[in-house]
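Spelled out from the first residue to the last, the chains are:
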Amino acid sequence: MLNGRFITFEGPEGAGKTTIINMIADCFPEAVLTREPGGIEIAEQIREVILDKKNTAMDAHTEALLYAAARRQHLIEKVKPALEAGKMVLCDRFVDSSLAYQGHARGLGIEEVFSINRFAIGDLMPGLTLYFDIEPEAGLNRINKQEGREINRLDLEALDFHHKVREGYHMLLRCFPERIVKIDASKSLEEVFEETLKIIKERGNKKV
Ligand code: TYD
């Protein structure tokens, strides 16, 4: 089941999606703004384990299962109650991150990772997913320039990994053309913001 009020933001590191989602949230003060992995206490604790730079021994399946576990808890505690109360939910990353990062870039398989995520989320999918597309080199350059941004375990992956992440998102765009909309994130922040807002106004409240 697609929920039209549930909008997710996706993209590689440095695409600017976190900045944009905050700007969008200012336009919809009644919306619930949240993020993955995290968003609630238990999921934030799981996030610390996943992203800890010390955990270099983490197996790819373990990583995928932890993301799915954090997703389940966040969905039950925060996303579902908000949607049931009639609110709009803006979520920084959701299941497509697992499909692109763990499914494609880590090589676990998009269908395999989707199957463990179906166990986690049931049939609740976003009605609209905004994918912020940028060349990995440009994205990583932006991150390196951001003062105070914490570098996590996935940021430290080789450039090749980030190319695969982008390739994974491009595969998802082909699999879910109705749900996922691609936005060129190499443009100026203002242009990206205007385009995002326009798409949400056109599509976000439509019944799906
Ligand atoms: P975060 O600091 O939130 O990154 P960003 O600001 O780019 O969203 O860290 C989240 C990291 O976790 C990011 O590298 C993407 C990765 N990730 C996955 O690999 N799979 C997932 O399912 C999710 C939700 C995130």
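For clarity, every value in this text was computed on a predicted model and none was experimentally measured. (Residues numbered from 1 in each chain as written. Predicted model: local features only at pLDDT ≥ 70, side-chain atom pairs only at ≥ 80, totals over all residues. Heavy atoms only, no water.)

### Regarding the overall build of the protein
Tallying secondary structure elements over the protein gives eight helices and five strands in all. Going residue by residue from the N terminus, the α and β elements of the protein occur as β-α-β-α-α-β-α-α-β-α-α-β-α. Against the globule reference of 17 Å for 208 residues, the protein gives a C-alpha radius of gyration of 16 Å, in line with a compact fold. Its C-alpha atoms give the protein principal-axis dimensions of about 45 × 40 × 35 Å. Within the protein, the fraction of its 208 residues that count as buried is 52%. As presented, the protein carries roughly 10,100 Å² of accessible surface, and 53% of it is formed by carbon and sulfur atoms. (Helix = DSSP H or I, 4+ residues; strand = E, 2+ residues; numbered from the N terminus. Rg over C-alpha atoms; globule rule 2.2 N^0.38 Å. Buried < 20%, exposed > 50% of the residue type's maximum accessible area, 1.4 Å probe, protein only. Areas by Shrake-Rupley, 256 points an atom, 1.4 Å probe, with all protein chains shown as cover.)

### A few points about the site of the ligand
Looking at the ligand, there are 17 residues lining it, with K17, Y67, R93, S98 and Q102 nearest. A distance of 2.5 Å is found between an oxygen atom of the ligand and a side-chain nitrogen or oxygen belonging to S98. Out of a free accessible area of 540 Å², the ligand has 93% covered by protein chains. Among the secondary structure elements, those contributing two or more residues to the shell around the ligand are α1 (17-27), α2 (41-51), α3 (60-84) and α4 (95-105). The element best represented in the shell around the ligand is α4, accounting for four residues. (Near = heavy atom within 4 Å. Polar contact = N/O pair within 3.5 Å; in protein donor to acceptor, adjacent residues only side chain to side chain.)

### Side note on the environment of L66
Assignment of secondary structure puts L66 in helix α3. Sequence separation between L66 and I200 is 134 residues; the distance between their C-alpha atoms is 30 Å. Once residues lying within four places of it in the same chain are set aside, the contact partners of L66 are I46, V49, I50 and M58. (Contact = heavy atoms within 4.5 Å.)

### Re the environment of G148
Tracing the chain through its elements places G148 in the loop between α6 (136-145) and α7 (159-175). Along the sequence, G148 and I110 sit 38 residues apart, while their C-alpha atoms lie 33 Å from each other.

### Details of a negative patch on the surface
Among the surface-exposed residues, D184, E190, E191 and E194 lie close enough to one another that they form a single negatively charged patch. Ranked by residues supplied to the negative patch, first place goes to helix α8 (residues 189-204) with three residues. Among the structural elements, E194 can be located in helix α8. Assessed through its relative accessible area of 42%, E194 is described here as partly exposed. (Patch = residues over 30% accessible without salt bridge, like charges linked within 9 Å, V, L, I, M, F, W, Y side chains within 5 Å. Salt bridge = Lys/Arg side-chain N within 4 Å of Asp/Glu carboxyl O. Lys, Arg positive; Asp, Glu negative; His and termini not counted. Charge placed at Lys NZ, Arg CZ, Asp CG, Glu CD.)

### Regarding the pairing of strand β1 (residues 2-10)
Across the nine residues that make up β1, a large majority, seven, are buried. Inspection of the sheet shows β1 paired to strand β4 (residues 125-133) by six bridges, in the parallel sense. Following the sheet pairing, L2 is matched in β4 by M125. Inspection of the sheet shows β1 paired to strand β3 (residues 89-92) by four bridges, in the parallel sense. Among the inter-strand pairings, T8 is bridged to a residue of β3, identified as C91. (Pairing = 2+ DSSP bridges.)

### Brief notes about the packing of aromatic side chains
On inspection of all chains with the given rule, the structure shows six aromatic pairs. With a centroid separation of 6.1 Å and an interplanar angle of 55°, the aromatic rings of Y101 and F161 are classed as tilted. Taken together, the residues Y101 in helix α4 and F161 in helix α7 connect sequence positions 60 residues apart. You'll find Y101 and F161 in the same group, each marked buried. Among the aromatic residues, ring-to-ring pairing joins Y101, Y131, F161 and Y169 into one connected group. (Phe/Tyr/Trp six-rings, centres within 6.5 Å; stacked < 30°, edge-to-face > 60°.)

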